[in-house]
Amino acid sequence: MTDMPLLSPNKIRLLVVDDHTLFRRGLIALLSQDDRFEIAGEAGDVSEALRVLPQAQPDLILLDNHLPGVKGVDAIPSFKESRPELRVMMLTVSEDEEDLSRALQAGADGYLLKTSESDQLCDAIVKVSEGQSMISPQMMGKLVAALRGQGTPARPAEPAA
């Protein structure tokens, strides 16, 4: 008999990483009620998540950013390096466009706020696991504004002589 978890081919396996135990357990309870998901594991910080990852074999990590020690965003490359097919969705309170930008640049596949409704979260998990990118609607405007603010403004065309 092996210690490896039985993989459910039809369910999305999730690893929940959040340092607030009450929030993490509540989220796990919520997601466990949805037949599309299986909780593969949980962790309170990045080092614990990296220890759990090989055995848990999740399809997707729900990752808080403000964790003790290493920030969630800084761990994304390590997660992706250990399992390139792994999807990572930030689930955070941070509405800071710098956090959003850093997460996307580090390889996050989604960025959802903890204020999201449960059905919005569940739908986002499914879409991200299918290869789509998801960003909280509240953050999309900030992302567009940040992208528009980068680079130099276009010069008006010279009138034809």
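Up top is the structure these notes are about.
From a predicted model like this one, the values you see are computed outputs, not experimental measurements.

Caption draft 1: Main features of the overall build of the chain. Scanning the chain from terminus to terminus reveals 6 helices and 6 strands. Each helix and strand of the chain, ordered N terminal to C terminal, gives the series β-α-β-α-β-α-β-α-β-α-β-α. A sequence separation of at least 24 residues applies to 66% of the contacts in the chain between residues at least 6 apart. Within the structure as shown, the chain displays about 9,100 Å² of accessible surface, and the carbon and sulfur contribution to it stands at 54%.

Caption draft 2: Highlighting the side chain of Arg24. Looking at the element boundaries, Arg24 is found in helix 1 (residues 21–32). Separated by 2.5 Å, the side chain of Arg24 and the backbone oxygen of Asp18 make a polar contact. Contact partners of Arg24, with chain neighbours within four places excluded, come to Val16, Asp18, Asp19, Glu42, Ala43 and Gly44.

Caption draft 3: A look at the pairing of strand 5 (residues 110–113). In strand 5, alternate side chains face the same way, and those of Gly110 and Leu112 on one face and Tyr111 and Leu113 on the other are all buried. As a crossover connection, the stretch from strand 4 (residues 87–92) through helix 4 (residues 97–106) into strand 5 is right-handed. Judged from the 2 bridges that link them, strand 5 and strand 6 (residues 134–135) form a sheet pairing that is parallel. Across the sheet, residue Gly110 finds its bridge partner in strand 6, namely Met134. At this point the chain moves from strand 5, through helix 5 (residues 118–129), to the parallel strand 6, and the crossover so formed is left-handed.

Caption draft 4: Just the packing of helix 1 against helix 5, in detail. At their nearest, the axes of helix 1 and helix 5 sit 11 Å apart, and the two run at 75 degrees to each other. On the basis of their axis angle, the class for helix 1 and helix 5 is roughly perpendicular. Mapping the contact onto sequence places Leu27, Leu30 and Leu31 in helix 1 and Ser118, Leu121, Cys122 and Ile125 in helix 5. Counted by class, the contact of helix 1 with helix 5 contains 6 nonpolar, 1 polar and no charged residues.

Caption draft 5: Quick peek at the environment of Leu91. Mapped onto the elements, Leu91 comes out in strand 4. Leu91 gets classed as buried once you look at its relative accessible area, which sits at 5%. When the C-alpha positions of Leu91 and Ser116 are compared, they lie 9.3 Å apart, and in sequence the two are 25 residues distant. Not counting residues up to four positions away in its chain, the partners in contact with Leu91 are Phe23, Leu27, Leu63, Asp64, Leu112, Leu113, Lys114 and Leu121.

Caption draft 6: Layout of helix 2 (residues 46–56). Residues Val46, Ala49, Leu53 and Ala56 constitute the buried set of helix 2. Buried positions in helix 2, seen along its axis, are confined to an arc of 90 degrees and lie on one side of it. Of the exposed residues in helix 2, the ones pointing more than 90 degrees away from its buried face are Arg51 and Pro54. Contacts from the buried residues of helix 2 go to strand 1 (12–17), strand 2 (37–43), strand 3 (60–63) and helix 3 (72–82). Immediately downstream of helix 2, the backbone of Gln57 shows phi near 50 degrees, a positive value.

Caption draft 7: Quick look at the environment of Leu63. Mapped onto the fold, Leu63 is located in strand 3. Assessed through its relative accessible area of 0%, Leu63 is described here as buried. The sequence separation of Leu63 and Asp18 amounts to 45 residues, and the corresponding C-alpha distance is 6.5 Å. Those residues in contact with Leu63 that sit more than four places away from it in its chain are Val17, Gly72, Ile76, Phe79, Val88, Met89, Met90 and Leu91.

Calculation rules
- Residues numbered from 1 in each chain as written.
- Predicted model: local features only at pLDDT ≥ 70, side-chain atom pairs only at ≥ 80, totals over all residues.
- Heavy atoms only, no water.
- Helix = DSSP H or I, 4+ residues; strand = E, 2+ residues; numbered from the N terminus.
- Contact = heavy atoms within 4.5 Å.
- Areas by Shrake-Rupley, 256 points an atom, 1.4 Å probe, with all protein chains shown as cover.
- Polar contact = N/O pair within 3.5 Å; in protein donor to acceptor, adjacent residues only side chain to side chain.
- Buried < 20%, exposed > 50% of the residue type's maximum accessible area, 1.4 Å probe, protein only.
- Right-handed = clockwise from strand over helix to strand, strands pointing away.
- Pairing = 2+ DSSP bridges.
- Axes fitted to C-alpha atoms, helices over the stretch in contact; angles between N-to-C directions.
- Parallel < 35°, antiparallel > 145°, perpendicular 65-115°, else oblique.
- Nonpolar A, V, L, I, M, F, W, Y, C, P; charged D, E, K, R; others polar.
- Arc of directions from axis to C-beta.

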